[in-house]
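# Descriptive analysis of the structure
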Amino acid sequence: KNEVEQSPQNLTAQEGEFITINCSYSVGISALHWLQQHPGGGIVSLFMLSSGKKKHGRLIATINIQEKHSSLHITASHPRDSAVYICATSDKLIFGTGTRLQVFP
Amino acid sequence: NAGVTQTPKFRVLKTGQSMTLLCAQDMNHEYMYWYRQDPGMGLRLIHYSVGEGTTAKGEVPDGYNVSRLKKQNFLLGLESAAPSQTSVYFCASSPHRQGPSPLGNSPLHFGNGTRLTVT
């Protein structure tokens with residue numbers, strides 16, 4: 001069993017839909033990263049959080065350290081949100097395999 | 001402010017050839033990392049550096065060497081390339097270490113990747 005697991009692996013949505021991507025981990029951590037990998041390959045950091053919730057524009061990340069689970073939500077999804085979303089534990093930098101999101105107009 | 005820059009972007013090597021990938025960051029970050037990304041797998045750490053002149057092995061170090069002679073540069077070398085090293089390589093940097101520290105956790109900054117094919 002992977003130490004960091006994401007679900008779903010693939011996700012398609014219509015523009016405007018609310019998106020949820022989940023990340024579960026089995027190791028103890030102090031924080032979790034959410035990253036976005038563009039179709040061109042570049043990776044950008046979206047969030048780093050250790051408790052509660054963070055919001056940036058239409059993106060919301062939540063984490064429950066006790067339950068070892070984090071979610072990334074996208075409100076009012078748009079085709080430009082199409083990307084691979086990756087979670088990673090902060091302490092040991094273990095990366096999930098990513099969730100490929102495609103948003104269609 | 002360019003962030004993290006990787007060169008080259010693409011490279012094709014024949015088995016047994018050598019090459020060096022360069023990672024440069026202009027953010028004065030202490031920590032630098034080299035990862036490889038393969039289909040169906042998460043990013044895996046090859047080597048990392050906690051400061052100028054220091055390097056350490058990551059999860060998959062075999063077949064690679066690294067050097068950090070200057071704080072801003074982290075080089076990844078393949079002495080004798082093998083087809084198993086066909087991958088996309090990413091460099092990343094962070095101001096301080098990951099995990100609990102007096103300064104808190106540290107965001108990661110990635111380069112745009114190098115796609116390497118070994119035939």
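Look up a bit, the structure's there.
Here's a quick rundown of the structure. Just so you know, these numbers come straight off a predicted model, no measurement behind them.

## Structural notes on the packing of aromatic side chains
All told, the structure shown has five aromatic pairs over all chains when counted by the stated rule. Arranged with centres 5.1 Å apart and planes meeting at 75°, the rings of Phe95 of chain A and Tyr35 of chain B form a pair that is edge-to-face. With one member in each of two chains, Phe95 of chain A in the loop between strand E9 (83-89) and strand E10 (99-104) and Tyr35 of chain B in strand E4 (residues 31-37) form a pair that bridges those chains. Residue Phe95 of chain A is classed as buried on the basis of its relative accessible area of 6%.

## A short note on the sheet that holds strand E7 (residues 65-67) of chain B
All names here are of chain B. On the basis of which strands lie adjacent, the open sheet formed by four strands has the order E1-E3-E8-E7 and antiparallel pairing. Each of the sheet's edge strands pairs with one partner strand only, and the pair in question is strand E1 (4-7) and E7. Ignoring which end each strand starts from, the neighbouring axes of this sheet average 20° apart. Alignment of E7 against strand E8 (residues 73-78), held across three bridges, turns out to be antiparallel. The residue of E8 that forms the bridge with Val66 is Leu76.

Thresholds, definitions, all that
Sequence order sets the numbering: in each chain, residues are counted from 1 along the sequence as written. Both sets of labels track the order of writing: A upward for chains, 1 upward for ligands. Selection of residues for local features in this predicted model requires a pLDDT of at least 70, selection of side-chain atom pairs for listing and counting requires 80 or more, and totals for whole chains, interfaces and linings are taken over all residues. In computing side-chain properties, one takes all heavy atoms of the structure into account and sets aside hydrogens as well as water. Stacked, tilted and edge-to-face are the three classes applied to pairs of Phe, Tyr and Trp rings, where Trp contributes its six-membered ring and a pair requires centres within 6.5 Å; stacked means planes under 30 degrees apart, edge-to-face means over 60, and tilted covers the rest. Helix and strand definitions follow DSSP, with helices as H or I runs of at least four residues and strands as E runs of at least two, each counted in order from the N terminus. Only protein chains enter the area calculation, which uses a 1.4 Å probe; residues under 20% of their type maximum are buried, those over 50% are exposed, and those in between are partly exposed. Only strands that DSSP links by at least two bridges are regarded as paired with each other. Axes, fitted as lines to C-alpha atoms, cover a helix only where it is in contact. Angles between the N-to-C directions of the axes lie from 0 to 180 degrees.

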